[in-house]
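Letter by letter, the chains look like this.
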Amino acid sequence: MKEIAKMLIVLTLICGVCGFLLAGVKSLTMERIEEQILLNVKGPAVKKALAGSTNDLIKDRTKIKINDKEEMVIFVGKKDKKPWALAFEVSAGGFGGDIGVIVGFNKEKNTLSGIGITTHKETPGLGARITENTFTNNFKDKALNEQFKTKKDNGIIDAVSGATISSKAVCSAVTKAIRLYDKIKDKVK
């Protein structure tokens, strides 16, 4: 019985030390990981959603408070050093899981400037086709009062063939973003 207790104590100490070390490594690398996600995952989607901006979209990002508990990262697009557009990320449930969508808004025209897909777990060759320009260009320069639903659901968006759930999820994310945009557009200068 003493032998089992001794093994339990040793294993507990080993697990505690390993947990402590892992937490330390995470805290040391968290900033670098966030930077890499911004540059390599969100960066291309932001550039696509705010095409035509002449500033560094990643460097010129800002955070705003949505409410007392939530903050949101906003990417501000500028032309001639004047803000003309903004973008932020929203998500909606697709076939394989959540789909992350960067939605860009043209503040001058009150339209969508474009979208970019950041993350998804959709089926390769089917749902993953939501990342292709043939689908994402459906949203470019559309008025914010449009019906962002698939044409099958009496909307304006051509769904990806064989990926109706994925297409509907992107439409849902865009609709969610429009509601958020109405709440925050005056907070971003």
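Above this text is the structure in question.
Residues numbered from 1 in each chain as written. Predicted model: local features only at pLDDT ≥ 70, side-chain atom pairs only at ≥ 80, totals over all residues. Heavy atoms only, no water.

Let's shift gears to the packing of aromatic side chains. Aromatic ring pairs are described here by two measures, namely the spacing of the ring centres and the angle between the planes. Under the definition given, this model contains 4 aromatic pairs. Ring centres of Phe88 and Phe105 lie 5.6 Å apart, and the angle between their planes is 25 degrees; this geometry places the pair in the stacked category. Of this pair, Phe88 sits in strand β3 (residues 82–93) while Phe105 sits in strand β4 (residues 98–106), and the two are 17 residues apart along the sequence. A residue is classified by how much of its surface remains accessible, and Phe88, at 0% relative accessible area, is buried. Ring plane angle 15 degrees and centroid distance 6.0 Å describe the contact between Phe139 and Phe148, whose orientation is recorded as stacked. Taken together, the aromatic side chains of Phe88, Phe105 and Tyr181 make up a single cluster linked through ring pairs. (Phe/Tyr/Trp six-rings, centres within 6.5 Å; stacked < 30°, edge-to-face > 60°. Helix = DSSP H or I, 4+ residues; strand = E, 2+ residues; numbered from the N terminus. Buried < 20%, exposed > 50% of the residue type's maximum accessible area, 1.4 Å probe, protein only.)

For the rest of this paragraph, the subject is helix α1 (residues 2–49). The axis of α1 is deflected most strongly, by about 55 degrees, at Lys42, and proline Pro44 appears within four residues downstream. Those residues of α1 lying buried are Leu38, Gly43, Ala45, Val46 and Ala49. Buried residues along α1 sit against β2 (71–79), β4 and β5 (111–119). (Bend = angle between axes of the 7 residues up to and from the residue. Contact = heavy atoms within 4.5 Å.)

Another aspect to go through is the sheet that holds β4. The antiparallel open sheet is built from 5 strands, whose spatial order is β1-β2-β3-β4-β5. Two strands in the sheet have a free side with no partner beyond their single neighbour: β1 (62–65) and β5. Looking at each pair of strands side by side, their axes are set apart by 35 degrees on average, direction ignored. Note that β1 and β2 share 4 bridges and pair antiparallel. Note on β2: the bridge partner recorded for Thr62 is Ile74. Where α1 meets the sheet, its contacts fall on β2, β3, β4 and β5, and the angle it forms with β5 comes to roughly 160 degrees. Lying over the sheet, helix α3 (residues 164–184) contacts β1, β2, β3, β4 and β5, oriented at roughly 135 degrees with respect to β3. (Pairing = 2+ DSSP bridges. Axes fitted to C-alpha atoms, helices over the stretch in contact; angles between N-to-C directions.)

When the terminal C-alpha atoms of α3 are compared, their 30 Å separation across 21 residues agrees well with the 30 Å that a helix rising 1.5 Å per residue should span. What α3 keeps buried is the set Ser166, Ser167, Ala169, Val170, Cys171, Ala173, Val174, Ala177, Ile178, Leu180, Tyr181 and Ile184. Of the surrounding elements, those touching the buried residues of α3 are β1, β2, β3, β4, β5 and α2 (133–136). (Expected span 1.5 Å × (residues − 1).)

Now for a nonpolar patch on the surface. Nonpolar side chains collect at one region of the surface, where Met1, Ile4, Met7 and Leu8 lie side by side and expose about 490 Å² of accessible area between them. Along the chain, Met7 turns up in helix α1. (Patch = residues over 30% accessible without salt bridge, like charges linked within 9 Å, V, L, I, M, F, W, Y side chains within 5 Å. Areas by Shrake-Rupley, 256 points an atom, 1.4 Å probe, with all protein chains shown as cover. Salt bridge = Lys/Arg side-chain N within 4 Å of Asp/Glu carboxyl O.)

Let us now look at the side chain of Ser113. Inspection of the secondary structure assignment puts Ser113 in strand β5. A polar side-chain atom of Ser113 sits 2.6 Å from the main-chain carbonyl oxygen of Ala49. Among the polar contacts listed, one links the side chain of Ser113 to the backbone nitrogen of Phe105, at a separation of 3.4 Å. In this structure Ser113 touches Ala49, Leu50, Trp84, Gly104, Phe105, Asn106 and Lys140, once residues within four positions along its chain are discounted. (Polar contact = N/O pair within 3.5 Å; in protein donor to acceptor, adjacent residues only side chain to side chain.)

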